[in-house]
Amino acid sequence: MRILLLGKPGSGKGTQSKHIAASRGIPAISTGDLIRQAIRDGTELGVRFKSFTDRGLLVPDDLMIEMVAERLAKPDCKPGFLLDGFPRTVPQAEALDRMLAEKATPLQAAVNLDVPDDILVERATGRRSCPKDGTSYHIKFKPPKTLGVCDACGTALIQRPDDTEDLVKSRLEEYRNKTQPLVAFYQARGILIDLDGVATPEQVERRIESALNNTVRATA
Ligand code: AMP
């Protein structure tokens, strides 16, 4: 399947994309993760990315489009893929359409996780993760057994530098101005799946799986 997840920062895209992609045997491609890796590696591109992510701003379209085109050309994307966090602007969505049209492999579903802003700030600012095994926690909704330490491997948990209240608010503003129009974009193409993202991660996952199964049945 070729799927993407849309949603505001903190709406659960990252958590859901890992589960959905694993259950379908396709790679989950998170542009946010690719960007954070480049920043950690200290590459020239990483330094440029950081100047945007540090301010809660979107990275310029041309850089993102090139990065995703390279990633989608890898062999593991042949059976399908799940994009998490791309596209985030109309020009990115148009570029993705062109890339997929060249291979006659159009997108089948754009899942939008709907969560109100006030909930998002609390969700995002409380997020913590294990830098070693990637397990996600939340200081209120899913705390580790020992404060600040990963249950599985005992590594000290970290907080994303852009998960502060000010930066989450800037990211929400960017979402409203540049990403929100994609809901109408995919609705017009008849592939939008709009879901209520306010529930436990397990409940949201079941909602997504059932909507995707219906989509597969309808297009089979
Ligand atoms: P995320 O982990 O998806 O929340 O992304 C973290 C940050 O990376 C965002 O706030 C943006 O600065 C940047 N980013 C991720 N994906 C994109 C994209 N498709 N276009 C532009 N910037 C992006």
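Residues numbered from 1 in each chain as written. Predicted model: local features only at pLDDT ≥ 70, side-chain atom pairs only at ≥ 80, totals over all residues. Heavy atoms only, no water.

## Side note on the environment of Thr15
Then comes step 1: Locating Thr15 in the fold gives a position in helix α1 (residues 13–24).
Then comes step 2: Since its relative accessible area comes to 34%, Thr15 is described here as partly exposed.
Then comes step 3: Between the alpha carbons of Thr15 and Leu167 there is a distance of 20 Å; along the sequence they are 152 residues apart. (Helix = DSSP H or I, 4+ residues; strand = E, 2+ residues; numbered from the N terminus. Buried < 20%, exposed > 50% of the residue type's maximum accessible area, 1.4 Å probe, protein only.)

## Structural notes on the packing of aromatic side chains
Then comes step 1: Throughout the structure, instances matching the rule amount to one aromatic pair.
Then comes step 2: The ring of Tyr137 is capped by Lys142, whose NZ or CZ atom sits 5.4 Å from the centre of that ring.
Then comes step 3: Residue placement shows Arg189 over the ring face of Phe185; its charged tip is 3.8 Å from the ring centre. (Phe/Tyr/Trp six-rings, centres within 6.5 Å; stacked < 30°, edge-to-face > 60°. Lys NZ or Arg CZ within 6 Å of the ring centre and 35° of its normal.)

## What to know about the site of the ligand
Then comes step 1: Of all residues adjacent to the ligand, which total 16 residues, the nearest are Thr31, Arg36, Leu57, Gly85 and Arg88.
Then comes step 2: Arg160 is positioned with one of its side-chain polar atoms (N or O) 3.1 Å from an oxygen atom of the ligand.
Then comes step 3: Expressed as a share of its isolated accessible area of 480 Å², the protein-covered part of the ligand is 96%.
Then comes step 4: With four residues, the top contributor of residues to the shell around the ligand is helix α2 (residues 31–41).
Then comes step 5: The class makeup of the residues in the shell around the ligand is six nonpolar, five polar and five charged. (Near = heavy atom within 4 Å. Polar contact = N/O pair within 3.5 Å; in protein donor to acceptor, adjacent residues only side chain to side chain. Areas by Shrake-Rupley, 256 points an atom, 1.4 Å probe, with all protein chains shown as cover. Nonpolar A, V, L, I, M, F, W, Y, C, P; charged D, E, K, R; others polar.)

## A closer look at the packing of helix α6 (residues 117–125) against helix α7 (residues 165–179)
Then comes step 1: Relative to each other, α6 and α7 sit at 135 degrees, their axes nearing to 10 Å. The orientation of α6 relative to α7 falls into the category oblique. Crossing geometry of α6 relative to α7 is assigned as right-handed. Of the residues in α7, those in contact with Asp117, Leu120, Val121, Ala124 and Thr125 of α6 are Glu165, Val168, Leu172 and Arg176. (Axes fitted to C-alpha atoms, helices over the stretch in contact; angles between N-to-C directions. Parallel < 35°, antiparallel > 145°, perpendicular 65-115°, else oblique. Left-handed = near helix turned anticlockwise from the far one by under 90°. Contact = heavy atoms within 4.5 Å.)

## So, unusual backbone geometry
Then comes step 1: With an omega of -5 degrees, the peptide bond between Phe86 and Pro87 qualifies as cis.
Then comes step 2: Tracing the sequence through the fold places Pro87 in the loop between β3 (81–84) and α5 (90–102).
Then comes step 3: At Ala104, a residue that is not glycine, the phi angle is positive and equals roughly 55 degrees.
Then comes step 4: Of note, Ala104 is situated in the loop between α5 and β4 (109–114).

## Thoughts on α5
Then comes step 1: With 13 residues, α5 extends 19 Å between its outermost C-alpha atoms, agreeing within 8% with the 18 Å of an ideal straight helix rising 1.5 Å per residue.
Then comes step 2: Those residues of α5 not exposed but buried are Gln92, Ala93, Ala95, Leu96, Met99 and Leu100. For α5, the arc enclosing every buried residue in end-on projection is 160 degrees, short of the 170-degree limit, so these residues lie on one face. Counted as exposed and oriented over 90 degrees from the buried face of α5: Arg98, Ala101 and Glu102.
Then comes step 3: In this structure, the buried side of α5 is in contact with β1 (2–7), α4 (61–72), β3 and α8 (181–188).
Then comes step 4: Sitting at the amino-terminal end of α5 is Thr89, which places a side-chain oxygen 3.1 Å from the backbone nitrogen of Gln92.
Then comes step 5: Among the residues trailing α5, Ala104 stands out with phi positive, at a value near 55 degrees. (Expected span 1.5 Å × (residues − 1). Arc of directions from axis to C-beta.)

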